[in-house]
Amino acid sequence: MDAGADAVSFVLEAKGLQKRFGAVVAAADIDIGITAGERVSLIGSNGAGKTTFVNMITGYLKPDEGRITLSGRDITRLDPRAITRLGVARSFQIPQLYGDLTVLDNMLVATACHAQRLSFWQPARRPGAIAQADALLERFRLVEHRERRVAELPGGVRKLLDIAMALTAAPKLLLLDEPTSGVSAEEKFPMMDTIMAALGQEKGTTVLFVEHDMDIVERHADRVIAFYAGRIIADDVPAVALAADDVRRYVTGELLQE
Amino acid sequence: MAAVVPATGTPPPMARRDARVSHGRTVALGVAACAALALGGWFAPKWLTFLITMAAANGLVSLGIVGLMRGGVVPFGQGMMLAIGGYTAALVFNQLGFTDALGLALGGGVAAALVAAPFAPLLARYRGIFFAMLTLALSMVTYGLLMKLDMLGGSDGFNVSRPTLFGMALPDAHAGYILYLLAVVLATVMSLLARVYFDSTRGLVTLAVRENELRVEYLGGSVRQAMTVNFILAAFCGGMGGALAVLALGHIEPNFSFWTTSGEFVFVAILGGWQSVAAVFVASTVLEVVRSFSSAYFPNTWQLALGLFLLFVIRFLPRGIGSLWMRGPTQ
């Protein structure tokens with residue numbers, strides 16, 4: 001298959017990505033192709049290169065070498081805003097919200113930011129935007145918190161809101177950076193179920209999520225990409241990837257390191 | 001924008017109320033306040049109408065600062081916009097013979113916005129103390145230029161005669177009252193426009209910029225564009241305030257651009273808070289009242305009274321006077 005055909009068939013394609021921070025190799029020869037509708041989990045120990053990869057896709061970091069394409073379009077050197085406008089959305093390990101605003105206003109900020117042109121007079125709290133925000137809040141079971149200030153909300157609710165905000169523009173590609181981190185063990189599964197059920201209503205959205213809990217990975221991912229020292233050490237369906245020796249050695253710690 | 005869910009269908013009753021009630025109520029309150037001030041001004045002593053005229057003019061400058069404060073930056077150089085608006089109005093009056101007060105006020109605003117426009121994209125990159133210092137530097141450069149330019153009257157400035165309004169000369173007995181009316185009407189109109197703007201999608205994104213710029217960019221919004229627009233709008237408000245002040249005072253001088261003048265506008269903006277536009281004009285009036293009475297009764301220590309008052313407000317009303325009647329950031 002030639003390069004042009006690859007670019008068309010993948011929603012996201014990364015070729016030969018390299019990134020170093022001084023002596024630390026954060027990404028080395030990363031080649032990944034993601035097809036539409038896939039649910040891909042990125043796994044790896046701390047410092048393995050998962051978040052660097054996410055940050056390079058979203059434009060926060062620029063790779064030293066390599067190329068990233070979104071539906072065939074080169075996005076390697078674009079800034080986060082331009083990439084967002086092309087259909088890439090993300091949530092954050094530490095939710096990036098507006099603590100002084102209400103949950104509804106946070107959603108309305110997201111809606112406003114996606115507008116092609118911001119209005120000087122169109123009310124942010126207009127019925128159409130509120131209905132759209134309410135529908136998403138409903139899907140994420142956040143309606144009861146609608147008028148509460150975000151600063152008052154528990155961590156799990158903030159995580160859900162962070163993801164709901166990312167979804168307001170119906171992105172082609174959604175990146176979730178550790179959606180269940182900082183959430184108690186008993187809350188993790190119901191929360192991830194809520195997220196995936198909400199995402200299930202998105203038609204054709206491709207999801208990449210960084211996750212440390214292998215039970216969640218097995219349950220919700222179609223495909224697993226494992227990172228270690230900036231390299232990909234496994235890329236397969238969960239049953240195969242999680243059983244790979246390198247993954248058991250460097251990621252899950254089931255095998256003693258040699 | 002591709003919506004996740006259709007924006008059609010019946011919105012919840014709460015949603016319908018949100019958009020309509022807020023603007024309808026604001027306009028009604030604004031018109032009522034304007035009418036009450038117009039009526040009250042007719043019976044008020046001249047010193048009081050002059051004081052409120054100046055409070056309205058200065059309040060406009062602080063209104064622009066509030067617009068910037070909502071985005072998380074505080075300019076310490078809005079005196080420059082006051083001076084540009086004031087000098088423009090005065091020069092147009094004296095050199096071109098255009099004497100209409102409304103036209104001069106609008107012209108002052110436009111001139112300040114035009115001068116601010118080339119600097120706005122640069123300033124939009126800076127935050128915190130850097131933004132404050134850069135605006136202060138610009139205002140002090142303007143002050144220096146005005147001091148040195150003899151054609152603009154140097155350090156003494158120059159006088160401006162009484163303006164006209166809609167082609168009519170202002171009668172001696174009511175000139176002060178008519179200028180007062182103009183200032184009150186313009187302040188009301190600008191307040192209503194500011195309220196609409198603060199409640200708009202752009203206004204909400206400005207609030208978001210103040211809290212978390214990174215997320216605004218990751219949601220597809222432009223932080224720099226928001227800050228650039230706010231700076232130009234603040235300049236327009238400042239220029240209009242400057243023109244009105246010159247028409248009321250009948251004199252302009254470089255002190256309009258001096259840093260202590262800019263500091264007073266920041267003082268008013270902090271006193272009023274960034275939630276309510278009406279509070280800005282209340283705070284501006286408070287400043288004028290405190291300044292007038294303090295300089296009359298204890299001339300050498302009036303800044304002390306002002307400082308104590310500001311400390312009191314910051315301690316007990318950290319969100320300003322406006323927080324007395326405004327509940328949340330966007331209400």
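The structure this text deals with has already been given above.
Predicted model only: the values in this text are computed from it and were never measured.

Considering the sheet that holds strand 1 (residues 12-21) of chain A
All names here are of chain A. Sheet architecture is open: 4 strands sit in the order 2-1-4-5, paired in antiparallel fashion. The open sheet is flanked by strand 2 (24-34) and strand 5 (73-74), the only strands paired with a single partner. Relative to strand 4 (residues 65-70), strand 1 is paired through 5 bridges, and the arrangement is antiparallel. Its bridge partner lying in strand 4, A14 is registered against I68. Along the sheet, helix 2 (residues 50-57) makes contact with strand 1, strand 2 and strand 4, crossing strand 1 at roughly 120 degrees.

Let's talk about a nonpolar patch on the surface
Taken together, L122, Y126, I129, F130, M133 and L134 of chain B make up a surface patch of nonpolar side chains, about 570 Å² in accessible area. With respect to the helices, strands and loops of the structure, Y126 of chain B is situated in the loop between helix 4 (101-123) and helix 5 (128-148).

Side note on the interface of chain B and chain A
Every contact between the two is made by 43 residues of chain B and, on the other side, 50 residues of chain A. For the pairing of chain B and chain A, the buried interface totals around 4100 Å² over both sides, and the portion due to carbon and sulfur atoms is 64%. The tally of links between chain B and chain A comes to 3 salt bridges. For the pair chain B and chain A, the interface holds 19 residue pairs in polar contact (both at pLDDT 80 or more). Within the residue set of the side of chain B that touches chain A, elements represented by two or more residues are helix 1 (13-43), helix 6 (175-199), helix 7 (201-211), helix 8 (213-218) and helix 9 (223-249) of chain B. In terms of residue count, helix 7 of chain B provides more of the side of chain B that touches chain A than any other element does, 8 residues in total. Grouping the constituent residues of the side of chain B that touches chain A by class yields 25 nonpolar, 9 polar and 9 charged.

Details of the sheet that holds strand 3 (residues 39-43) of chain A
Residues and elements named next belong to chain A. Pairing is mixed across the open sheet formed by 6 strands, whose spatial order is 6-7-8-3-9-10. Single-partner strands in this sheet number two, and they are strand 6 (88-91) and strand 10 (231-236). Each strand axis lies, on average, 15 degrees off the axis of its neighbour in the sheet, ignoring direction. Sheet analysis places strand 3 next to strand 8 (residues 206-210), joined by 4 bridges and oriented parallel. Across the sheet, the residue bridging to R39 is V207, located in strand 8.

What about unusual backbone geometry?
Of note, the phi angle at A170 of chain A is positive, near 50 degrees, even though the residue is not glycine. Here A170 of chain A shows up in the loop between helix 6 (155-166) and strand 7 (173-177). One non-glycine residue, F166 of chain B, lies in positive phi territory at about 50 degrees. Relative to the elements of secondary structure, F166 of chain B occurs in the loop between strand 2 (164-165) and strand 3 (168-169).

Re the nonpolar core
Within the largest apolar cluster, 143 residues are counted, with the highest numbers of intra-cluster contacts made by I43, F140 and L161 of chain A. Ranked by residues supplied to this core, first place goes to helix 9 of chain B with 14 residues. Discounting chain neighbours no more than four positions away, the residues touching F140 of chain A are L160, I163, A164, L167, T194, I195 and A198 of chain A. Judged by nonpolar contacts, the second largest core, of 27 residues, contains A14, A27, I34 and V40 of chain A.

Brief notes about the pairing of strand 3 of chain A
All names here are of chain A. Taken across its 5 residues, strand 3 has 5 buried, putting it largely inside the fold. Alignment of strand 3 against strand 9 (residues 223-228), held across 4 bridges, turns out to be parallel. Residue pairing for strand 9: S41 is matched across the bridge by V224.

A short note on the packing of aromatic side chains
For the structure on display, the rule yields 14 aromatic pairs over all chains. Here F120 of chain A and Y197 of chain B contribute two aromatic rings whose centre-to-centre distance is 5.8 Å and whose plane-to-plane angle is 25 degrees, an arrangement assigned as stacked. Placement of the pair is F120 of chain A in the loop between helix 4 (103-114) and helix 5 (127-139) and Y197 of chain B in helix 6, with the two residues belonging to separate chains. For the ring pair F312 of chain B and F316 of chain B, a centre distance of 4.9 Å and an interplane angle of 50 degrees mean the geometry is tilted.

The rules behind each value
Residues numbered from 1 in each chain as written. Chains lettered and ligands numbered in written order. Predicted model: local features only at pLDDT ≥ 70, side-chain atom pairs only at ≥ 80, totals over all residues. Heavy atoms only, no water. Pairing = 2+ DSSP bridges. Helix = DSSP H or I, 4+ residues; strand = E, 2+ residues; numbered from the N terminus. Contact = heavy atoms within 4.5 Å. Axes fitted to C-alpha atoms, helices over the stretch in contact; angles between N-to-C directions. Patch = residues over 30% accessible without salt bridge, like charges linked within 9 Å, V, L, I, M, F, W, Y side chains within 5 Å. Areas by Shrake-Rupley, 256 points an atom, 1.4 Å probe, with all protein chains shown as cover. Salt bridge = Lys/Arg side-chain N within 4 Å of Asp/Glu carboxyl O. Buried area = accessible area lost by both parts, 1.4 Å probe. Polar contact = N/O pair within 3.5 Å; in protein donor to acceptor, adjacent residues only side chain to side chain. Nonpolar A, V, L, I, M, F, W, Y, C, P; charged D, E, K, R; others polar. Core = buried A, V, L, I, M, F, W, Y, C linked by side-chain atoms within 4.5 Å. Buried < 20%, exposed > 50% of the residue type's maximum accessible area, 1.4 Å probe, protein only. Phe/Tyr/Trp six-rings, centres within 6.5 Å; stacked < 30°, edge-to-face > 60°.

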